[in-house]
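What the coordinates show
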Amino acid sequence: MEEKKDGFGSKIGFILAAAGSAIGLGNIWRFPYLAAKYGGGIFLLVYIILVVSFGFSLMVTEISLGRRTGKSVIGAYKQADSRFGFLGPVAAAVPFIITPYYCVIGGWVLKYFYVFVSGNADAATDSDYFGGFISQAGQPSIFFIIYAALTAAVVILGVQKGIESVSKILMPILVILSVGIAIYTMTLNGAVDGFKYYVLPNFEGFTVAKLLKTIVAAMGQLFYSMSLAMGIMVTYGSYMRKQDSIEGSVRQISFFDTLIAVIAGLIIVPSVFVFSGGDASALNAGPGLMFVTLPKVFDSMSGGRIVGTAFFVLVAFAALTSSVSLLETMVSIISERFKLQRVASTIVCVVIVIVMGMLSVLGYSSWSEVSIFGYQILDFFDFISNNIMMPIVALLTCILIGYVVKTKYIEDETTLNGEKFRSKGLYDVMTKYVCPAFMIIILLTPFFVDL
Ligand code: PFF
C-alpha cells in the first residue's frame, strides 16, 4: 500500500487498518451460518477458546515477523530463515483464491442493497428468492463485476487513507446498528429459543467425529476472519511502529473481530427460529442464511426498508475494506514480481478475479451440476484455502518459530517497547505443541471424516 510504505502514523491507525481487513463478510455472513450448522453454542465456545489461544498466538507471530524483518510476506519468511523462503509465496497465493469468491458474495450484498433501496424488499422475503437469484447467471455476474470494479477503483486510487477515515465513522455505526437489530430480534416471539440454541452448548448426541468437525470448521473460520495465514498480517506488521504494543493490538483486533461475529449470529440464529416456527433444520441454509432470513426480519419491523438499506450498505462497506486489503495484497505481489505499475497490475489482478469469480457464479447456475470433491465451486475455493493452504502455512510458521528461530525471536520484538510479553507461557506452548498438533489434525480430518 503506497501510503503505508512509511508506516502507520499511530497505533489506532494500525488497529483500524488491521481490524478493517479482519472485519468483513467473514463475520457477518460466514460466522453465523457456520455457528448454525455446527450446533450453535458448542461452535461458539470452541471458536472463542481458539481465538484467545491459537488466533492470538498466530497473529502475534505474524505481526512480529513482519515488524522485525520489515518485509512483506514474500521477503519476511526468507529473512527469518532462508529454508523457509518458499512459505512466502504459498501464503501469498491464498488471496488469489479468496478474493474472487469474496467479490462474488460482495455482489450478492450489493444486490440486496439495491433490492431494499428500490423498495422491493417484499419480494426478497420469499424463501426461494435468494435461490432464484443465484441460480441465474446474469444478475449475479453483473453485481459481482460492479463489486469487483468498486474494489479495484479504491485500490487504483490508493485511497487507503480515505477508506480508513471512513471506517472510523462507519465501523462504530455498524456495531450500533447490529446491536439495535439484535435487540429488536430478541423481542420477536420465539427468539429466545434461538438465543438459547446459539449460546448454550448442547452436548446431547455429541460424538468425537462431530467435535472434530466443529474444531476444523471453527479453525477455518478463525483463519478467515482474523485474516491469518495468508501474509496480510505479516505485511501489516512491517508497517507498524516499533514503540506500539503488539500484544495489546492483537487483543483489541481479535476482540472487535469476535464481537462483530457474535453479534451477527445473535441476529441471524434467533431470527431463523422465529421465521421457521422454531425449526432448527432451517438453520442449514448455508451460505444463503444471511440473505434468506434477514430480509424477513427487516420486513417485519416498522421502518424496515430504511434499516435494511442501512444494514446492507454497512455490510457492503465492511466487505469492501476487506476486499480492498485482499486485492491490494495481490496487486503488490504482481507489481513486485513482474515490475508492473500500480494501474497495470491492478488491471491484471481484476481480470484474474473476474475470470475466477465467474467460475463461482456459474457454479451456482449453469454449472450447478459440477462438483469438486463433493463441493460446489465457491465452496471448493473456500475449502482449499481455509482447510488446506492456511493450515499448511500455519503449521510451517509454527515450526519455523518454535523450533528453528525459536520463540525468543518473536519475544524480542514484542518487548521492544519495554513492556513484558505477558502471555509468553501460553504463546510458547501454543506455538511449539498445540498449534502444530491442531494443524495436523485439520489436514488429516478430511481423510477420515466426511466434512
Ligand atoms: N477477514 C475478512 C473477513 O472476515 O471478511 C476476509 C479477509 C480479508 C480474509 C482480508 C483475508 C484477508 F486478507
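Rules and cut-offs
Residues numbered from 1 in each chain as written. Predicted model: local features only at pLDDT ≥ 70, side-chain atom pairs only at ≥ 80, totals over all residues. Heavy atoms only, no water. Helix = DSSP H or I, 4+ residues; strand = E, 2+ residues; numbered from the N terminus. Rg over C-alpha atoms; globule rule 2.2 N^0.38 Å. Buried < 20%, exposed > 50% of the residue type's maximum accessible area, 1.4 Å probe, protein only. 1 Å grid on protein atoms, 1.4 Å probe; cavity = no way out; pocket = protein on both sides within 12 Å on 5 of 7 lines; lining within 4 Å. Points joined across faces, edges and corners; volume = space filled by probe spheres on them. Nonpolar A, V, L, I, M, F, W, Y, C, P; charged D, E, K, R; others polar. Expected span 1.5 Å × (residues − 1). Bend = angle between axes of the 7 residues up to and from the residue. Contact = heavy atoms within 4.5 Å.

1. Focus: the overall build of the protein
Assigned secondary structure in the protein consists of 19 helices and zero strands. In summary, the protein has a C-alpha radius of gyration of 21 Å against a globular reference of 22 Å for 451 residues, a match within 12%. With the C-alpha coordinates of the protein rotated into their principal frame, the extents come out at 55 × 50 × 40 Å. Sorting the 451 residues of the protein into buried and exposed places 58% on the buried side.

2. Digging into empty space enclosed by the protein
Taken as a whole and assessed by the stated rule, the structure comprises four cavities of 30 Å³ or more. Its boundaries defined by the atoms lining it, the largest cavity holds a volume of some 120 Å³. Contributing to the lining of the largest cavity are 16 residues, with S21, Y102, Y224, S227 and L326 lying nearest its centre. Elements with a minimum of two residues in the lining of the largest cavity: α1 (11-22), α2 (25-37), α5 (87-117), α11 (208-225) and α15 (304-338). Residues that form the lining of the largest cavity fall into these classes: eight nonpolar, eight polar and no charged.

3. As for helix α19 (residues 424-448)
Helix length check: α19, at 25 residues, gives a terminal C-alpha distance of 35 Å against a target of 36 Å (1.5 Å per residue), a fit within 8%. The largest bend in α19 is about 50°, located at M430. For α19, the full list of buried residues reads K424, Y427, D428, M430, T431, C435, P436, M439, I442 and T445. Buried residues belonging to α19 abut α3 (41-69), α11, α17 (377-404) and α18 (408-414).

4. Describing the environment of I253
In this structure, I253 sits in helix α13 (residues 246-275). C-alpha separation for the pair I253 and F56, spaced 197 residues apart in sequence, amounts to 9.6 Å. When neighbours within four sequence positions are excluded, I253 is seen to be in contact with F14, I15, A18, A19, A22 and M59.

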